[in-house]
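# Structure at a glance
In case you want the letters, here they are:
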Amino acid sequence: MTMDEQQPELRWAPLEPTPKRTGRVWLIVGLAVAALVIVGVLLFLFLPRGETPDPVSSPSATPSATPSATPTPTSTPSTAPEPSETPVATPPPATDPTVEAFRGQVSGWLNDAPRGLDIIAGANGPDALPVVETLQQDAQRLSDAQPPSSISEGWREGVSAYSQSLTELSSALSSGAAPASTIDAARTAVQNLRTLVGL
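Fair warning: this is a prediction, and the values are worked out from it, not measured in the lab.

The next subject is the environment of Y162. For Y162, the location among the structural elements is in helix α9 (residues 152–174). Overall, Y162 belongs to the buried group, its relative accessible area being 1%. Dropping the residues within four chain positions of it, Y162 is found in contact with A113, L135, A139, L142, A186, A189, V190 and L193.

Take a look at the structure:
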C-alpha cells in the first residue's frame, strides 16, 4: 500500500449547530395574541351594554330631560307599600262570618253538649268527670270561635254562662253526685247557645 493510497484520517469535528427557530416561536405567540385581541374586540362590540342607549339618546338631550322630570311618579312606588298594608286591613271585615257559616263551625260542639250532659246525668258521680272535662274543652273552643258581629255580644255572654255552669258541675261531681239543678243549668246554657245560632 503506497502512501498515495492511504485513506484520509478521520477526525472528530463538532457538528454545526442547528439553526435557531425563534422566528417560529414568535410567530405562534403573535398569532395567539392577535386571536385574543380579535376575540376581545368582538366581545366589546357585540355584548349588550347599558351604555349603548346613552349615545343614542344623547343627541336628544331634551327628551332625556323630560324623563328626568318624571321621577315625581317614582314617589308613587313609595305609596305602593301602603296598598300592601290595606289588604292587611281588609281581612278583618272578611273574618266576620255569616250566622250560617258560624253555625256550621260550632254545631258539632253544640250537638255533643246535650249528649254529654245526658251521660253525666246517668253516671252522676266522680266517674263522669272526664265527660265534663271534654265539655269544658269544647266550651273553650266555642269561646275561641269568632262569632258574627250581629250575635257577638250574646254569644260571649252565653259561652261564659255555659263555661261557668260546667265549672260548678265539675266541682259538684268531684265531691259526689251533682244536684239536678246544676246539670239543668248547664243544659239551659247550652240550649241558649244553640238557639242563638239557629240549632
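We are not done yet, so read on.
Let us look at the pattern of salt bridges. Under the counting rule described, the total for this entry stands at 3 salt bridges. For the salt bridge of R115 with D112, the shortest nitrogen-to-oxygen distance reads 2.7 Å. Here the residue R115 and the residue D112 both occupy positions in helix α7 (residues 99–123), the gap between them amounting to 3 residues, near one helical turn. A salt bridge links R187 to D118, with the shortest nitrogen-to-oxygen separation between them at 2.7 Å. Highlighted residues: R187 in helix α10 (residues 180–197) and D118 in helix α7, separated in sequence by 69 residues.

For the rest of this paragraph, the subject is the packing of aromatic side chains. Following the criterion strictly, the structure yields 1 aromatic pair and no others. Consider the rings of F102 and W155, whose centres lie 4.8 Å apart with planes at 85 degrees: the pair is edge-to-face. A residue pair is termed long-range when its members are at least 10 positions apart, and F102 in helix α7 and W155 in helix α9 qualify at 53 residues. Judged on exposure class, the residue F102 and its partner W155 are both buried.

Attention now goes to the confidence of the model for the protein. Of the residues in the protein, 66% have a pLDDT of 70 or more, and the chain-wide mean is 75. Note on residues 54–70: pLDDT under 50 across the span, and 0 contacts to partners over four residues away in sequence or across chains.

Turning our eyes to something else, we now look at α9. In this model, α9 (23 residues) spans 33 Å end to end at C-alpha, consistent with the 33 Å of a helix rising 1.5 Å per residue. Listed as buried for α9 are W155, G158, V159, Y162, S165, L166, L169, S170, A172 and L173. Buried residues along α9 sit against α7, α8 (129–144) and α10. Among the residues trailing α9, G176 stands out with phi positive, at a value near 145 degrees.

Attention now moves to the nonpolar core. Ranked by internal contacts, the top residues of the largest apolar core, which has 28 residues, are I120, W155, Y162 and L169. Counting only elements with at least two residues in this core, the list comes to α7, α8, α9 and α10. Residue contributions to this core peak at 7 residues, all from α9. Leave out the neighbours within four places in its chain, and I120 touches A128, V131, V132, L135, L169, L173 and I183.

Rules used throughout
- Residues numbered from 1 in each chain as written.
- Predicted model: local features only at pLDDT ≥ 70, side-chain atom pairs only at ≥ 80, totals over all residues.
- Heavy atoms only, no water.
- Helix = DSSP H or I, 4+ residues; strand = E, 2+ residues; numbered from the N terminus.
- Buried < 20%, exposed > 50% of the residue type's maximum accessible area, 1.4 Å probe, protein only.
- Contact = heavy atoms within 4.5 Å.
- Salt bridge = Lys/Arg side-chain N within 4 Å of Asp/Glu carboxyl O.
- Phe/Tyr/Trp six-rings, centres within 6.5 Å; stacked < 30°, edge-to-face > 60°.
- pLDDT = per-residue confidence, 0-100.
- Expected span 1.5 Å × (residues − 1).
- Core = buried A, V, L, I, M, F, W, Y, C linked by side-chain atoms within 4.5 Å.

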